Each structure stands twice: as structure tokens, then as C-alpha cells.
Amino acid sequence: MARRITYTFKNQPREINFAKDKYHDMYQAIAAAEGIDLTSYLSMVQQIEMTSKGSASVRNFRDQEFARMGFSDIYFIKE
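Just so it is clear, the model here is predicted, and its values are computed rather than measured. (Residues numbered from 1 in each chain as written. Predicted model: local features only at pLDDT ≥ 70, side-chain atom pairs only at ≥ 80, totals over all residues. Heavy atoms only, no water.)

A.B. asks: Teacher, can you tell me more about the layout of surface pockets here?
C.D. replies: To find leftover empty space, one rolls a probe the size of a water molecule over the atoms. What the largest pocket holds in volume is close to 170 Å³. Every residue lining the largest pocket is listed: His 24, Asp 25, Gln 28, Tyr 41, Leu 42, Val 45, Gln 46, Glu 49, Val 58 and Arg 62. Ranked by residue count, the leading element in the lining of the largest pocket is helix α2 (residues 39-51), at five residues. For the lining of the largest pocket, the residue count by class is four nonpolar, three polar and three charged. (1 Å grid on protein atoms, 1.4 Å probe; cavity = no way out; pocket = protein on both sides within 12 Å on 5 of 7 lines; lining within 4 Å. Points joined across faces, edges and corners; volume = space filled by probe spheres on them. Helix = DSSP H or I, 4+ residues; strand = E, 2+ residues; numbered from the N terminus. Nonpolar A, V, L, I, M, F, W, Y, C, P; charged D, E, K, R; others polar.)

Right, dumping it as C-alpha cells:
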């Protein structure tokens, strides 16, 4: 089942389709839609997952990095 994601990239509202079989999560989908390479981001996430005890550290890092890249207001659209 396809879903839709709405987000803001550099103050421009955008909307894309999301399929779970193509992307791991909505953050990878929006980065791919904007042509952003996540190689270094994913390796840093892996390091944080190995050293932290909870998922809050990974979530905080993700939110800060995507805000730094210019993303905001990232949500699934309920249909």
C-alpha cells in the first residue's frame, strides 16, 4: 500500500509517494527525492546505535541532521 509524505525543504512545501518496499523509512525517501546522499549520515547513525542504550539518541541526531539539511515538518499523510 502506497502512502504519501509531506515535508518542507528549504521553505518549499513538498509532497511525495512512499512505498515501504523501496525505502527503509520516510527520511530516506525524502532525501532520495531531493537527491541527498545519506552515506555518512547512515554510518553515523549506526555508530550511535552501537554506543547508546536507547533510541532517543538516534532520534535526536536524526532530527538535528535533517533540520541542518533543510528539512522540516515531515509527516505521513493519513488517507
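A.B. asks: I tried to follow the pairing of strand β2 (residues 12-18) on my own but got confused; where do I start?
C.D. replies: Sheet analysis places strand β1 (residues 3-9) next to β2, joined by seven bridges and oriented antiparallel. Across the sheet, Tyr 7 pairs through a bridge with Arg 14, a residue of β2. Remark: two residues form the turn of the hairpin made by β1 and β2, two consecutive strands paired antiparallel; Lys 10 in that turn has positive phi of roughly 50°. (Pairing = 2+ DSSP bridges.)

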